[in-house]
Structure formats: C-alpha cells, structure tokens
Amino acid sequence: LSRPMNHVVGLDIGGANLKAAHSDGSCRSRPFAIWQSPDKLGNELQELIGDWLPCRALAVTMTAELADCFATKAEGVDRILASVESLAGDIPVSVWQTGGEFVSPDFAREFPLLTAAANWHALATFVGRMAPRGRSLLIDVGTTTCDIIPIENGLPMPTGRTDLERLLSGELVYSGVRRTPVCAVAHSVPLGEGYVQLAAEVFATMLDVYLLTGDIAENESDCGTANGHAATVEFAHDRLARAICGDRSEVPLDEARGIASFLADVQQQRLAGALNRVLAGNDRPVESVLICGSGSFLARRLVESHPKLSGATAHQLSEMFSPEVGEAACAFALAKLGVEQIYEAFTRRVSID
C-alpha cells in the first residue's frame, strides 16, 4: 500500500552507517563507509529511503562530515547536503543545528560548525519531552561513540556543542560496542600469569569482545568485522587471538573469553569516568536516565553501577518505542521534530490568515 505524502523522513548520515526513520515509526539502517566512496552517498540514500519518497519533508543531520575524505568539516557539510538535495529534488530539506532548530541547507552551509555532528542534540531535544521536570541524562552508546547528555527540565544543557568541546567535557566518548579497535581500549590484557601488550593494529574490535561475552548475538551474514569474516564466536576468537599476535592454537577459547571480559570492563570504566565528569559540579540528583543505541546493554550497566544514579529511573527507547527506534533514535527524533515543524508552520499560517 502506498503511504500518504504528509510524512516526514529523518536522515542521520554517519561516517560508517546511514540511518533513516519514517514519521510513522519505521526505521532502517545500512552500513556505508563514506570515506571510501563519498560520491556514492546519493545512491546509498536512494537505496535506503527511495520507497519512502516523495514525502512532505526530509529532516537531516550528520556526523559524516568528520570523515577524512573531506579536507574540512565545512566541505563535508556542503558535499553531504549536495547529495541529499540531489535525492530530494523538489522535496523541502530541513537541517538540524545545535542551536536547537531546523534551518535551510544554505544556512546550514553558512554555519557548518553548528551543523556538524548535531544528531545528539536532535535526539536530546526530542527525548527531553519524556523528562520535562528536573535533572535527567541521555546515554546513547552506539557502534562507534557514546553520548552522555545532561537534560534540565526537558531541555538539553550540554557544556560543549562541537565534537571537540564535547570530548573535552566528557559528553562525547569516542568508544563504541562494535567499531572501536580493542587496542584503543587497553594497552595490554591478562594472559596466563601476566599481561601481554595488544598489537597496535585493527586485528579485532569491540564487536569481537561482545560476541565472546554474549552481549551481542552472532550473525553469520554480518561481515563488517576487522578481517571481513562473519560476526560469529568462532571468528571473533580468531580475531582477538590475533590482536595479541597469536592464533586459536595458542590462545584457547576460554582464555579469549577472559580477555574479552577484561576489555569489556575497561571500556565500562572509561565510560564511567566520562560520566563522572559530566555529573561533577552538580549535586542535584538525577531523576531519570534515557537509554538508547546498539550498546544499550552497556549503558544499563553504567547506570546500575553508578552511585549517583542509584535513585534514577532508567527508560530504554527500545522498550518505549521499538528495538529499531532504539538503534536509529537520532533519525526517529528528526522525523518527529520535522512533523512538529510542519505543524507549527501551519498553525502560524492559519493564525495570520
């Protein structure tokens, strides 16, 4: 059945993944390494949302401007928006900025640092409606990064706005549950009676860690791994053994699982340190924590283990909406905010008439 053309499509254009949401709640995602083929972005977006077009509007945010195929963030913003505009044709395109509003593509290009990496702000703005009173947190643990965003009386109140500022404040941690190389989490891991250094190579990622701990389910069709082999326990064992310059004959599965458990603990401690920085300097209790992302299991552990969050109520977007929304939450937030923008514009027009 064809959909009515009064819907809005939200697009969250990342450097490694493209995520989209229909304002009816449907969500989609697909891997795309933009740094390898930036000129193919338009085709990838067509494959992702072509059957949802035409629509009333496209609501857009991005993090892909940071990819090193672009000389500057401004160039990345410009080229990403050009791909979206080519796909959109006559469909209006609205771009979210960290100023807390949608702007035109031309305005977005004029102020690229407000446009770059604004997806977290759109999400915090939307989910803030679920915590309209008091002090709250949004914790979004994804494949590559973790966002820890303070919310006050329903509004995002970050210390930083750009990626660089947010890294300084602890509100952004460049560590996720799939793409992060294990050598970026720890320098060495336990082996036998001692410790062995991790090779400074992308032999294994945190996906392998969580396959071995059982936090992420095996998927034989997923080959987005360090060596291109399937996301299974067997291959994760091989990859993690190689990260210490060994193989399965030298590193038994039980030993590999012990290494994985150690790396999972180290990553959790790192995120807990960032959480401490975000919570420092404000003694008011956090009343609620909103959790989303493909690493929601890790976000839950952070909340459950932190003494300052012992009295907070945790809400998972995957349970409030759907598992698909939980993983494509920024795109879903954009679609919903886009519908609100259209409604507000219509209301203003009616009141003037």
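Residues numbered from 1 in each chain as written. Predicted model: local features only at pLDDT ≥ 70, side-chain atom pairs only at ≥ 80, totals over all residues. Heavy atoms only, no water.

A short note on helix α7 (residues 206–213)
As a reminder, the rule being used: Accessibility here uses a 1.4 Å probe with only protein chains present; expressed as a share of the type maximum, an area under 20% marks a residue as buried, one over 50% as exposed, and anything in between as partly exposed. We count a stretch as a helix when DSSP gives it H or I for four or more residues in a row; a strand needs E for two or more, and each element gets its number in order from the N terminus. Should any heavy atoms of two residues lie within 4.5 Å, those residues are counted as being in contact.
Across the 8 residues that make up α7, a large majority, 7, are buried. Burial in α7 covers these residues: Met206, Leu207, Asp208, Val209, Tyr210, Leu211 and Leu212. Check the buried side of α7 and you find it contacts α8 (233–242), α9 (253–279) and α10 (296–305). Positive backbone phi, at 90°, marks Gly214, one or two positions downstream of α7.

Section: the nonpolar core
Applicable threshold: In these notes, a set of buried Ala, Val, Leu, Ile, Met, Phe, Trp, Tyr and Cys residues joined through side-chain atoms within 4.5 Å is what counts as a nonpolar core.
Within the largest apolar cluster, 50 residues are counted, with the highest numbers of intra-cluster contacts made by Leu137, Val182, Tyr210, Leu263 and Val289. At the level of secondary structure, the elements contributing two or more residues to this core comprise β7 (135–141), β8 (146–152), α7, α8, α9, β13 (288–292) and α10. At 12 residues, α9 tops the list of elements feeding residues into this core.

Comments concerning the pairing of strand β5 (residues 93–97)
Here is the rule we go by: At least two bridges found by DSSP between two strands are what make those strands a pair. Handedness of a crossover is defined as follows: orient the strands so they point away from the viewer, and if the path from the first strand over the helix to the second runs clockwise, the crossover is right-handed.
By the criterion of burial, β5 is predominantly enclosed, with 5 of the 5 residues buried. What you see with β5 is no split at all: Val93, Val95 and Gln97 on one side and Ser94 and Trp96 on the other are buried throughout. Of the pairings in the sheet, the one linking strand β4 (residues 57–62) to β5 comprises 3 bridges and is parallel in character. Within β5, the position partnered with Ala59 by the bridge is Ser94. Read as a crossover between parallel neighbours, the route from β4 over helix α2 (residues 73–88) to β5 is right-handed. When β5 meets strand β6 (residues 101–103), the two strands line up antiparallel, connected through 3 bridges. Each bridged residue has a counterpart across the sheet, and for Trp96 the counterpart in β6 is Phe102. Hairpin connection between β5 and β6: a loop of 3 residues separates the two successive antiparallel strands, and Gly100 in this loop has a positive phi of roughly 95°.

Things to note about the pairing of strand β14 (residues 313–316)
Pairing between β13 and β14: 4 bridges, direction parallel. Directly across from Ser288, in β14, lies its bridge partner Thr313. Between the parallel elements β13 and β14, the chain passes through α10 in a crossover that is right-handed.

With respect to the packing of aromatic side chains
Convention followed: We call Phe, Tyr and Trp rings a pair once their centres come within 6.5 Å, taking the six-membered ring for Trp, and we label the pair stacked below 30 degrees between planes, edge-to-face above 60, and tilted otherwise.
Under the counting rule described, the total for this entry stands at 7 aromatic pairs. On the numbers, 6.1 Å between centres and 65° between planes, the contact of Tyr195 with Phe262 is edge-to-face. Highlighted residues: Tyr195 in strand β12 (residues 194–197) and Phe262 in helix α9, separated in sequence by 67 residues. Its relative accessible area of 23% is what places Phe262 among the partly exposed residues. Members of the aromatic cluster, joined through ring pairs, are Phe126, Phe321 and Phe332.

Focus: the sheet that holds β5
Definition in use: Note on geometry: axes are C-alpha line fits, over the in-contact stretch for helices, and angles between N-to-C directions span 0 to 180 degrees.
The 6 strands lie next to each other as β3-β2-β1-β4-β5-β6, forming an open sheet whose pairing is mixed. Of all the strands in the sheet, the pair left with one neighbour each is β3 (27–31) and β6. On average, each strand axis in the sheet is inclined to that of its neighbour by 25°, with strand direction left out of account. When strand β2 (residues 17–22) meets β3, the two strands line up antiparallel, connected through 5 bridges.

Considering the packing of helix α1 (residues 41–49) against α2
To be explicit about the condition: Oblique is the label for any angle not under 35 degrees, not over 145, and not in the 65 to 115 range, which are roughly parallel, roughly antiparallel and roughly perpendicular in turn. The sense of a crossing depends on the near helix, which, turned anticlockwise from the far helix by less than a right angle, makes the crossing left-handed and, turned clockwise, makes it right-handed. Residues are grouped as follows: Ala, Val, Leu, Ile, Met, Phe, Trp, Tyr, Cys and Pro are nonpolar; Asp, Glu, Lys and Arg are charged; every other residue, Gly included, is polar.
With their axes 9 Å apart at the nearest point, α1 and α2 run at an angle of 50° to one another. In terms of axis orientation, α1 runs oblique to α2. As for the relative orientation of α1 and α2, their crossing is right-handed in sense. For the pair α1 and α2, the contacting residues are Leu41, Gly42, Leu45, Gln46 and Ile49 in the first and Ile80, Ser83, Val84 and Leu87 in the second. Broken down by class, the residue content of the contact of α1 with α2 amounts to 6 nonpolar, 3 polar and no charged.

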